[in-house]
Amino acid sequence: MASKTWNSAAAAIAEVARDGMTVAVGGFGLCGIPHNLIVALRDTGVKDLTVVSNNMGVDGEGLGLLLENNQVRRVLGSYVGENKLFAEQYLSGSLEVEFVPQGTLAERLRAGGSGIPAFYTPTGVGTPIAEGKPEAEFDGKRVILERGIVADLALVRAHTADPEGNLRYRLTAQNFNPLVAMSGRVTIAEVEHLESEYLDPERINTPGVFVQRLVAVEDTHKVIEQRTVRTREAV
């Protein structure tokens with residue numbers, strides 16, 4: 001069986017990146033984002049990307065790097081309040097945005113990864129979220145039809161992996177990563193610890209069947225989105 005491990009994020013992403021593709025990216029704020037893979041995607045220079053992510057990072061970090069490089073045409077996301085450039089591009093009309101309720105986004109990614117083309121949900125009924133979407137009624141409750149998301153490329157960050165691509169995440173860095181990993185036709189994971197032996201099957205968060213490529217984290221620096229500390233008291 002061919003190895004899933006690649007020497008670098010740049011090598012793993014170079015031959016699969018292309019203009020106009022849909023890219024799903026794990027992370028919540030800057031927690032659990034695949035920083036190295038985002039940088040590698042930026043460096044390919046591909047354009048007109050549709051990005052699916054809970055949010056678009058912040059100015060100068062995370063997916064904000066792709067916005068700065070004018071590589072993103074459309075965004076499907078839940079929260080965008082930390083990125084001024086995102087707001088500027090959206091308000092100027094240069095960036096298309098589909099706002100998706102957070103739970104709906106999670107389920108759309110899971111559905112796409114499970115082979116479910118669409119599902120009904122009451123979330124968003126009677127709001128702009130529902131505009132243009134088929135509506136039905138079940139047990140007296142109005143619901144709208146939401147499409148599952150299948151991305152051309154999925155980028156995730158994991159704490160530990162084995163050679164088969166089984167992944168384990170650490171604490172809240174798990175966030176959207178398992179769902180994003182499911183949704184990709186090609187999923188690349190950057191991992192902090194790549195084990196030579198198989199992981200305990202009972203402690204796997206993402207089965208290796210969802211992961212096609214692995215890279216070791218090259219830049220281990222972790223950016224903190226908002227640091228809050230107490231003032232040091234004088235002694």
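Reading the values: rules and limits
Residues numbered from 1 in each chain as written. Predicted model: local features only at pLDDT ≥ 70, side-chain atom pairs only at ≥ 80, totals over all residues. Heavy atoms only, no water. Helix = DSSP H or I, 4+ residues; strand = E, 2+ residues; numbered from the N terminus. Buried < 20%, exposed > 50% of the residue type's maximum accessible area, 1.4 Å probe, protein only. Right-handed = clockwise from strand over helix to strand, strands pointing away. Pairing = 2+ DSSP bridges. Axes fitted to C-alpha atoms, helices over the stretch in contact; angles between N-to-C directions. Contact = heavy atoms within 4.5 Å.

**Some thoughts on unusual backbone geometry**
Right, on to step 1. Residues other than glycine seldom take positive phi values, yet Asn70 does so here, at roughly 55°.
Right, on to step 2. With respect to the helices and strands, Asn70 occurs in the loop between α3 (64-68) and β4 (72-77).
Right, on to step 3. Residue classification places Asn70 among the exposed positions, given a relative accessible area of 55%.
Right, on to step 4. Even without a glycine there, the phi angle at Leu171 is positive, about 50°.

**With respect to the pairing of strand β3 (residues 49-52)**
Right, on to step 1. The two faces of β3 match: Leu49 and Val51 on one face and Thr50 and Val52 on the other face are all buried.
Right, on to step 2. Taken together, strand β2 (residues 22-25), helix α2 (residues 35-44) and β3 constitute a β-α-β crossover, and its handedness is right-handed.
Right, on to step 3. Note: β3 against β4, 4 bridges, orientation parallel. Across the sheet, Val52 pairs through a bridge with Leu76, a residue of β4.

**Digging into the sheet that holds strand β6 (residues 118-121)**
Right, on to step 1. Across the sheet, 3 strands lie side by side as β6-β8-β7; this open sheet has antiparallel pairing. The two strands at the open ends of the sheet, each matched to only one other strand, are β6 and β7 (135-138). Pairwise comparison of adjacent strand axes, ignoring direction, gives a mean angle of 40° for this sheet.
Right, on to step 2. Sheet topology places β6 next to strand β8 (residues 141-147); 4 bridges connect them, and they run antiparallel. Its bridge partner being in β8, Phe119 is matched across the sheet by Glu146.
Right, on to step 3. Packed onto the sheet, helix α5 (residues 102-113) meets β6 and β8 and runs at close to 155° relative to β6.

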